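Okay, here's what each chain looks like letter by letter:
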Amino acid sequence: MTSILRSPQALQLTLALIKPDAVAHPLILEAVHQQILNNKFLIVRMRELLWRKEDCQKFYQEHEGSQKYKKFSWHQCLDEGTLFAGRFFYQRLVEFMASGPIRAYILAHKDAIQLWRTVMGPTRVFRARHVAPDSIRGSFGLTDTRNTTHGSDSVVSASREIAAFFPNFSEQRWYEEEEPQLRCGPVCYNPEGGIHFAAGTGGPGPT
Ligand SMILES: Nc1nc2c(ncn2[C@@H]2O[C@H](COP(=O)(O)OP(=O)(O)OP(=O)(O)O)[C@@H](O)[C@H]2O)c(=O)[nH]1
Ligand SMILES: Nc1ncnc2c1ncn2[C@@H]1O[C@H](COP(=O)(O)OP(=O)(O)O)[C@@H](O)[C@H]1O
Ligand SMILES: [Mg+2]
């Protein structure tokens, strides 16, 4: 239904996370937030939370690797060396992401998914420091696990990930009611709440 409501030039949504390493460091947290604003994203929703480990395990299940094996014979798994690589960092990733407060955003931009992934930089920090030193991960990433941020990698992932963090947010309603006003402006930004909203609307209710 949403696809019918979404005109071709409609704003795209993505789910962005600031990870515990950055949330624990106020100057980095503010610098990442400023990067979001500098890159002309509209902050549609924002919240901070302590992520339950079981929710984190579910969110990153693509990296657990075990469900992949159900689709492959063991011989094929052994041939698919990369399938095993997905598991070595899964536990440390889940432990880390549930280890302290994180900040979740719904960001809107005409190219939100790809632009946020570009602004974040490469997943692995050593590479980010060399090929994209001004990216978020190139600037603030510590290790491949503690790499400062997460961003959805597709429209399908974005919908799933937005629903995981903002269960009361309706993409369909947003495209019907808020997107046209945000796309056409004028748009206000409330530094207190850290979100954008269409002028005259006072902004969304509690997330
Ligand atoms: N393929 C593979 N790579 C590994 C393994 N262990 C570590 N690595 C790689 O080496 C990098 C550095 O590992 P660590 O020093 O543990 O750092 P990290 O896991 O990125 O992050 P921290 O857990 O926060 O230290 C990882 O990010 C992986 O890319 C492993 O068992 N297999
Ligand atoms: N080789 C790796 N070593 C350690 N951690 C990794 C590795 N690859 C991915 N990760 C962790 O898992 C998270 C999710 O992986 P992935 O979806 O591939 O990257 P991205 O977060 O850039 O979409 C990464 O942000 C990173 O924290
Ligand atoms: Mg990813």
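The coordinates are above.
Everything numeric in this text was worked out from a predicted model, so none of it was measured. (Residues numbered from 1 in each chain as written. Chains lettered and ligands numbered in written order. Predicted model: local features only at pLDDT ≥ 70, side-chain atom pairs only at ≥ 80, totals over all residues. Heavy atoms only, no water.)

### Looking at the site of ligand 1
Lining the immediate surroundings of ligand 1 are Phe88, Arg92, Arg124, Thr143, Asp144, Thr145 and Arg146. A distance of 2.2 Å is found between an oxygen atom of ligand 1 and a side-chain nitrogen or oxygen belonging to Arg92. Coverage of ligand 1 by the protein amounts to 50% of the 600 Å² it exposes when considered alone. When grouped by side-chain class, the residues that make up the shell around ligand 1 number 1 nonpolar, 2 polar and 4 charged. (Near = heavy atom within 4 Å. Polar contact = N/O pair within 3.5 Å; in protein donor to acceptor, adjacent residues only side chain to side chain. Areas by Shrake-Rupley, 256 points an atom, 1.4 Å probe, with all protein chains shown as cover. Nonpolar A, V, L, I, M, F, W, Y, C, P; charged D, E, K, R; others polar.)

### A closer look at the sheet that holds strand S3 (residues 101-109)
Within the open sheet, the 4 strands sit side by side as S2-S3-S1-S4. Their pairing is antiparallel. Edge strands, defined here as strands with exactly one partner in the open sheet, are strand S2 (42-50) and strand S4 (149-151). Neighbouring strand axes in the sheet, compared pairwise and without regard to direction, differ in orientation by 20° on average. Sheet analysis places strand S1 (residues 12-18) next to S3, joined by 7 bridges and oriented antiparallel. Residue pairing across strands places Ile18 opposite Arg103, the latter belonging to S3. The strands touched by helix H9 (residues 112-120) within the sheet are S1, S3 and S4, with S1 carrying the most contacts at an inclination of about 30°. In this fold helix H13 (residues 171-184) packs onto S1, S2 and S3, with an angle of close to 100° to the strand it touches most, S1. (Pairing = 2+ DSSP bridges. Helix = DSSP H or I, 4+ residues; strand = E, 2+ residues; numbered from the N terminus. Axes fitted to C-alpha atoms, helices over the stretch in contact; angles between N-to-C directions. Contact = heavy atoms within 4.5 Å.)

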